[in-house]
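Each chain is listed here by its residues.
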Amino acid sequence: MYVFHRLIYKCCQNNQLTILLDRMLSHYLRFWLSLPQPIDKDDFFLETKEILTAIEQKEEVRLRAASIKHIKASLDVILGFGRS
């Protein structure tokens, strides 16, 4: 998970943004990893795969939608509203 996010950040070729996003991800992961939760390996990477597919196919609208869905789902888990 961490490597995927860092790769996306580096592709933007903005060093300051990469550092900022990397720090934000580190803080986020501290909360996410502290939650007792089962991880369904078949479901866990669905959002990541959708993001990668949108990037490969150069579909900006699909990429934006998949990214927003991924962020909202992650926050819902941390806040106790969603799936793990």
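Residues numbered from 1 in each chain as written. Predicted model: local features only at pLDDT ≥ 70, side-chain atom pairs only at ≥ 80, totals over all residues. Heavy atoms only, no water.

S.K.: Hey, could you run me through the environment of V61 in this one?
M.R.: Of note, V61 is situated in helix α5 (residues 60-79). C-alpha separation for the pair V61 and H27, spaced 34 residues apart in sequence, amounts to 28 Å. (Helix = DSSP H or I, 4+ residues; strand = E, 2+ residues; numbered from the N terminus.)

S.K.: Which parts of the structure should I look at to understand the confidence of the model for the chain?
M.R.: Should pLDDT be low for a region, the predicted coordinates there are not to be read in detail. Across the chain, pLDDT averages 81, with 94% of residues at or above 70. Confidence, read as mean pLDDT per element, is least for helix α1 (residues 2-11) in the chain (74) and greatest for helix α4 (residues 46-56) (90). (pLDDT = per-residue confidence, 0-100.)

S.K.: Hey, could you run me through the packing of helix α2 (residues 15-34) against α5 in this one?
M.R.: In a packed pair of helices, the relevant descriptors are the angle between the two axes and the axis-to-axis distance. Direction vectors running N to C along α2 and α5 enclose 50°, while the axes themselves pass 9 Å from each other. Considered as vectors, α2 and α5 are oriented oblique to each other. Relative to α5, α2 is oriented so that their crossing is left-handed. Between α2 and α5, the contacting residues are Y28, F31 and W32 on the first element and S74, V77 and I78 on the second. In terms of residue class, the contact of α2 with α5 is built from 5 nonpolar, 1 polar and no charged. (Axes fitted to C-alpha atoms, helices over the stretch in contact; angles between N-to-C directions. Parallel < 35°, antiparallel > 145°, perpendicular 65-115°, else oblique. Left-handed = near helix turned anticlockwise from the far one by under 90°. Contact = heavy atoms within 4.5 Å. Nonpolar A, V, L, I, M, F, W, Y, C, P; charged D, E, K, R; others polar.)

S.K.: Help me understand unusual backbone geometry, please; the structure alone is not making it clear to me.
M.R.: What you tend to see is this: most non-glycine residues have negative phi, and most peptide bonds are trans. In this structure, K58 takes a positive phi of about 55° despite not being glycine. As for its position among the elements, K58 is in the loop between α4 and α5. On the basis of relative accessibility, which here comes to 75%, the residue K58 falls in the exposed class. (Buried < 20%, exposed > 50% of the residue type's maximum accessible area, 1.4 Å probe, protein only.)

S.K.: Would you take a moment to explain the pattern of salt bridges for this structure?
M.R.: Two side chains bearing opposite charge may form a pair once their charged atoms approach each other closely. On inspection of all chains with the given rule, the structure shows 3 salt bridges. Between R62 and E59 there is a salt bridge, with the nearest N and O atoms lying 3.6 Å from each other. Owing to a relative accessible area of 27%, R62 belongs among the partly exposed residues under this scheme. Using a relative accessible area of 31% as the deciding quantity, one classes E59 as partly exposed. The network of salt bridges with shared partners includes E50, E59 and R62. (Salt bridge = Lys/Arg side-chain N within 4 Å of Asp/Glu carboxyl O.)

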